[in-house]
Amino acid sequence: MTTPARSDKHTIMQFDTAEGLLEYLLQQHGAQYANKDFVFRGEPRKYTSVLSPIDRVTIDRLPNRAIAVSAELGVIVEFWQSIRLTLPIEQHALVDDGGSILPLMRHYEAPTRLLDWTISPWIAAHFSAWSNLDEDGRILSFDRNSASIHLKPNRGTLEYFQPIDYRGVSVPKVLVDSISGLDDWLVPYHHIGPQFPRIVSQQGMFTLASNPWIDHWEMIKNHEHVESYEIHIRADIKAGVMRRLRRMGITSAALFPDPVGIGWNVRDRLISDLNER
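Residues numbered from 1 in each chain as written. Predicted model: local features only at pLDDT ≥ 70, side-chain atom pairs only at ≥ 80, totals over all residues. Heavy atoms only, no water.

1. A short note on the overall build of the chain
In step 1: From N to C terminus, the chain includes 14 helices and 10 strands.
In step 2: Rg of the C-alpha trace for the chain: 19 Å, near the compact-globule value of 19 Å for 277 residues, within the 12% margin.
In step 3: Over its C-alpha atoms, taken along the principal directions, the chain stretches across nearly 55 × 45 × 35 Å.
In step 4: A buried classification covers 50% of the 277 residues belonging to the chain.
In step 5: A separation threshold of at least 6 residues defines the contact pool for the chain, and within that pool the share at least 24 residues apart is 75%.
In step 6: Of the roughly 12,900 Å² of accessible surface on the chain, a fraction of 52% belongs to carbon and sulfur atoms.
In step 7: In the chain, 29 side chains carry a positive charge and 34 a negative one; their mean positions are 3 Å apart. (Helix = DSSP H or I, 4+ residues; strand = E, 2+ residues; numbered from the N terminus. Rg over C-alpha atoms; globule rule 2.2 N^0.38 Å. Buried < 20%, exposed > 50% of the residue type's maximum accessible area, 1.4 Å probe, protein only. Contact = heavy atoms within 4.5 Å. Areas by Shrake-Rupley, 256 points an atom, 1.4 Å probe, with all protein chains shown as cover. Lys, Arg positive; Asp, Glu negative; His and termini not counted. Charge placed at Lys NZ, Arg CZ, Asp CG, Glu CD.)

This is how it looks when you write it as structure tokens:
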């Protein structure tokens, strides 16, 4: 293992073997650090910025944040109008509480302001090694407890997540408020339940920013009171990481419990078999 950089609250590491990486994750997070609550994000390559899915689409295409919010709200309305007739009946009620429309959209791969994380380091390791096999990946991690305290808005967070109606869809108040602009802040956003099987299988949670075009990772890692680290994963150990995770039962079929996951799992197994030749 090499440790190329460290600040008081942010550490960067790199492992030279798959065994070393998984051993570190086992040692450091088996007990989940006393009084810490780390969450993780696996990325198959080192992106220059860590933006939400909707922000990746709009940041270079729209002139300002207000127009980006209007586009974002339009996507929510279009999603609901398009999917409501095919949505399982038990999920219809979720759209009425304001807070569930965004996780519902992420479950069905629609772009939102939510950025995906997981409470499992093993699942993050899977996503860091799953694709872009010729590029280095990474795992990002931060302490959710300290982030909840130090990155939240100055006034009560709950106020921003009250449901309000926008063109017939119940959305969190923060989305509409950000049309006129809010201070930049970031909050961990947790939603889990049997209605979203992918989120359950991936032990998922999210971060949500007050405004469009906020780099979530820059805000997290640069805060002096939020503990964070990242692990760089070399391209040449990705295949080994995937093999070892498969032995632990962490596969695409397990993380995506639907026909799509089965298809991806068949692909993953073929790539693994060819790499071992």
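2. Overview of helix H12 (residues 238-247)
In step 1: Every buried residue of H12 is listed here: Lys238, Gly240, Val241, Met242 and Leu245.
In step 2: Looking one or two residues beyond H12, the residue adopting positive phi is Gly249, at roughly 85 degrees.

3. Digging into unusual backbone geometry
In step 1: The residue Glu109 is not glycine, and still its phi comes out positive at about 70 degrees.
In step 2: Looking at the secondary structure, you find Glu109 in the loop between helix H5 (101-107) and strand E4 (114-118).
In step 3: Notably, Asn132 is not glycine yet its phi reads approximately 50 degrees, a positive angle.
In step 4: Its location among the elements puts Asn132 in the loop between helix H6 (121-129) and strand E5 (137-143).

4. Topic: the side chain of Asn211
In step 1: Inspection of the secondary structure puts Asn211 in the loop between strand E9 (204-209) and helix H11 (216-221).
In step 2: Reaching out from Asn211, the side chain makes a polar contact with the side chain of Asp184 at a distance of 2.8 Å.
In step 3: Setting aside chain neighbours within four positions, we find Asn211 in contact with Arg65, Arg113, Ser178, Gly181, Leu182, Asp183 and Asp184. (Polar contact = N/O pair within 3.5 Å; in protein donor to acceptor, adjacent residues only side chain to side chain.)

5. A closer look at the packing of aromatic side chains
In step 1: Enumeration over the complete set of coordinates arrives at 12 aromatic pairs.
In step 2: Measuring from ring centre to ring centre gives 4.8 Å for Trp117 and Phe142, while their planes differ by 90 degrees; the resulting arrangement is edge-to-face. Taken together, the positions of Trp117 in strand E4 and Phe142 in strand E5 put the pair 25 residues apart, joining distant regions of the chain. Each member of the pair, Trp117 together with Phe142, is buried. (Phe/Tyr/Trp six-rings, centres within 6.5 Å; stacked < 30°, edge-to-face > 60°.)

6. Examining empty space enclosed by the protein
In step 1: Applying the stated criterion to the full structure yields 1 cavity of 30 Å³ or more.
In step 2: Each pocket or cavity is described by its volume, and for the largest cavity that value is around 190 Å³.
In step 3: If you trace the largest cavity, you find 17 residues lining it, with Ala239, Met242, Asp268, Ile271 and Ser272 closest to the centre.
In step 4: Secondary structure elements with two or more residues in the lining of the largest cavity: H6, H12 and helix H14 (259-275). (1 Å grid on protein atoms, 1.4 Å probe; cavity = no way out; pocket = protein on both sides within 12 Å on 5 of 7 lines; lining within 4 Å. Points joined across faces, edges and corners; volume = space filled by probe spheres on them.)

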